[in-house]
Amino acid sequence: MNKPAGYDEAQVLGEYTPINLGGHKLTIMQVEEVTASNGNQYIKVSFDTAKDDVQPNYYSNAYKNDTRENKKWSGVTTVFPTDRDGKTSKSFKTFCTAVEHSNNGFKMVWGDEFCDALKGKAVGGVFGEEEYINNNDEIKVANKLFWFRGTDKVMDAEIPARREISDDDRERIENRQNGNNDWMNIPTGLEDELPFN
């Protein structure tokens, strides 16, 4: 048998290549308006890397190659349209502006057609590293979409600083890993000041 085309570049089943950090050209696959359990509204933006991106169709390929029974589309982010004061949030305005700049002549369509009007539109996205705690209480790192940009500027975007878990979460995980599962840590020398001692 002769070596098939693309053999050396083909990925082995089960191997995972993270999305490159920095700027990517994206295609919006779907936008949904969602109301959270606390009543806050947000939009859920599903995306894939564009056909002319450095990693084309990254999320559709990952989904296609995912052999898990309960696989999910992983190119998803949320954008909150309003801030705590009920005014337009900077992240929502940035998203809308990036979509308009990435699609010549496109203007936001407000009202019932908002979500449908965004389907298939181009936008840029900047990816960085984000720490998270997995189900085994281990600190892991994932490459995540941090913010949107216009496609004309996204490829020159700097890689953002890593988003780290809070110091409290880090201390909690380290205490568990070191076998210190006490429900309360008492600083040395304060035992005599406790009211229940």
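Residues numbered from 1 in each chain as written. Predicted model: local features only at pLDDT ≥ 70, side-chain atom pairs only at ≥ 80, totals over all residues. Heavy atoms only, no water.

Draft legend 1. Structural view of the overall build of the protein. When helices and strands are tallied, the protein shows 4 helices and 5 strands. In the protein, the succession of helices and strands from N to C terminus is β-β-α-β-α-α-β-β-α. Expressed as a percentage of contacts within the protein between residues at least 6 apart in sequence, the contacts between residues at least 24 apart total 54%. When the accessible area of the protein is evaluated, it comes to approximately 14,100 Å², of which 45% is carbon and sulfur surface. (Helix = DSSP H or I, 4+ residues; strand = E, 2+ residues; numbered from the N terminus. Contact = heavy atoms within 4.5 Å. Areas by Shrake-Rupley, 256 points an atom, 1.4 Å probe, with all protein chains shown as cover.)

Draft legend 2. Looking closely at the environment of N143. Tracing the backbone shows N143 in strand β5 (residues 139-149). Those residues within four positions of N143 in sequence are excluded, and the remaining contacts are P18, I19, L21, G128 and E129. From its side chain, N143 meets the backbone oxygen of I19 in a polar contact 2.7 Å long. (Polar contact = N/O pair within 3.5 Å; in protein donor to acceptor, adjacent residues only side chain to side chain.)

Draft legend 3. Representation of the sheet that holds strand β4 (residues 122-133) in the model. The 5 strands lie next to each other as β3-β2-β1-β4-β5, forming an open sheet whose pairing is antiparallel. The two strands at the open ends of the sheet, each matched to only one other strand, are β3 (76-79) and β5. The average angle at which neighbouring strand axes cross in this sheet is 45°, direction not considered. Note that β4 and β5 share 10 bridges and pair antiparallel. Within β5, the position partnered with I133 by the bridge is I139. Most of the contacts of helix α4 (residues 167-177) go to β4, to which it runs at about 45°, and overall it touches β4 and β5. (Pairing = 2+ DSSP bridges. Axes fitted to C-alpha atoms, helices over the stretch in contact; angles between N-to-C directions.)

Draft legend 4. Inspection of the nonpolar core at higher detail. Counting 25 residues, the largest nonpolar core has F95, L118 and F148 as its most contacted members. Looking at which element gives the most residues to this core, the answer is helix α2 (residues 90-102), with 5 residues. Leaving out residues up to four positions away in the same chain, F148 has contacts with L26, V45, T77, V79, T94, F95, A98, V123, G124 and G125. (Core = buried A, V, L, I, M, F, W, Y, C linked by side-chain atoms within 4.5 Å. Buried < 20%, exposed > 50% of the residue type's maximum accessible area, 1.4 Å probe, protein only.)

Draft legend 5. Looking closely at the pattern of salt bridges. Counted by the stated rule, this structure contains 8 salt bridges. For R162, the salt bridge identified is with E129, shortest N-O distance 3.2 Å. One end of the pair, R162, is in the loop between β5 and α4; the other, E129, is in strand β4, with 33 residues separating them in the sequence. Note on E129: relative accessible area 26%, which makes it partly exposed. Among the ionic contacts, a cluster of salt bridges with common partners joins E129, E131, R162 and R170. (Salt bridge = Lys/Arg side-chain N within 4 Å of Asp/Glu carboxyl O.)

Draft legend 6. Structural view of the pairing of strand β2 (residues 41-49). In terms of burial, β2 is a largely internal element, 7 of the 9 residues being buried. Sheet analysis places β2 next to β3, joined by 4 bridges and oriented antiparallel. Across the sheet, the residue bridging to V45 is T77, located in β3.

By themselves, these observations are geometric and do not establish any function.
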